[in-house]
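Below, each chain spelled out in residue letters.
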Amino acid sequence: MFSPAPPEPRQLGTLPMEASSEQADALWWVNTYRHQAGLAPMNQIQTINAAASAHALFVDANPQFYTEGQLSLHQESSVGVGFTGESFWERMTVAGYLDE
């Protein structure tokens, strides 16, 4: 059963200082399940959080692209409000993420 707030301890993995409470909760849940599966915790990266947040704002501001089936939830359209890149990698580059 899903619980709206994770129990203590809150921190599994590291968070960027700028992480929102929702991002902290997401990291906690991902790493809780990873721990149960015997996997090491993941850490969040600020540029990935920024790209994901910008994309979520785009989806919220432009529901017509998704309800009408023009785009998958992984895409953006350059004519939409808040466009930051059509593909995941374009949005990551705009957010400042460098694949090293």
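For the structure, see preceding data.
Residues numbered from 1 in each chain as written. Predicted model: local features only at pLDDT ≥ 70, side-chain atom pairs only at ≥ 80, totals over all residues. Heavy atoms only, no water.

Asker: Describe in detail the overall build of the protein, supporting the description with residues and values.
Answerer: A tally of helices and strands in the protein yields four helices and zero strands. What you see in the protein, going N to C, is helices and strands ordered as α-α-α-α. Counting across all 100 residues of the protein, residues that qualify as buried make up 25%. In the protein, the share of contacts with a sequence separation of at least 24, taken over all contacts with a separation of at least 6, comes to 31%. When the accessible surface of the protein is totalled, it reaches about 6900 Å², and 62% of it is carbon and sulfur. (Helix = DSSP H or I, 4+ residues; strand = E, 2+ residues; numbered from the N terminus. Buried < 20%, exposed > 50% of the residue type's maximum accessible area, 1.4 Å probe, protein only. Contact = heavy atoms within 4.5 Å. Areas by Shrake-Rupley, 256 points an atom, 1.4 Å probe, with all protein chains shown as cover.)

Asker: Break down the layout of surface pockets for me, with residues and values.
Answerer: Here the largest pocket is characterised by a volume of approximately 180 Å³. The wall of the largest pocket is formed by Ile 48, Ala 51, Ala 52, His 55, Leu 73, His 74, Phe 88, Arg 91 and Met 92. Those elements that provide at least two residues to the lining of the largest pocket are helix H2 (46–61) and helix H4 (88–95). Of all the elements, H2 adds the most residues to the lining of the largest pocket, at four residues. Of the residues belonging to the lining of the largest pocket, the class tally is six nonpolar, two polar and one charged. (1 Å grid on protein atoms, 1.4 Å probe; cavity = no way out; pocket = protein on both sides within 12 Å on 5 of 7 lines; lining within 4 Å. Points joined across faces, edges and corners; volume = space filled by probe spheres on them. Nonpolar A, V, L, I, M, F, W, Y, C, P; charged D, E, K, R; others polar.)

Asker: Hey, could you go over the packing of aromatic side chains for me, with residue numbers and the actual values?
Answerer: To describe a pair of aromatic rings, one takes the distance between the centres and the angle between the planes. Counted under the stated rule, the structure contains five aromatic pairs. Ring geometry for Trp 28 versus Trp 29: centroids 4.8 Å apart, planes at 90°, classification edge-to-face. Residue class for Trp 28 comes out buried when judged on its relative accessible area of 7%. Of the residues examined, Trp 29 reaches a relative accessible area of 18% and is grouped as buried. On the basis of an interplanar angle of 25° and a centroid distance of 5.9 Å, the ring pair of Trp 29 and Tyr 33 is categorised as stacked. Here Trp 29 and its partner Tyr 33 are both found in helix H1 (residues 21–36), four residues apart, which amounts to about one turn of the helix. (Phe/Tyr/Trp six-rings, centres within 6.5 Å; stacked < 30°, edge-to-face > 60°.)

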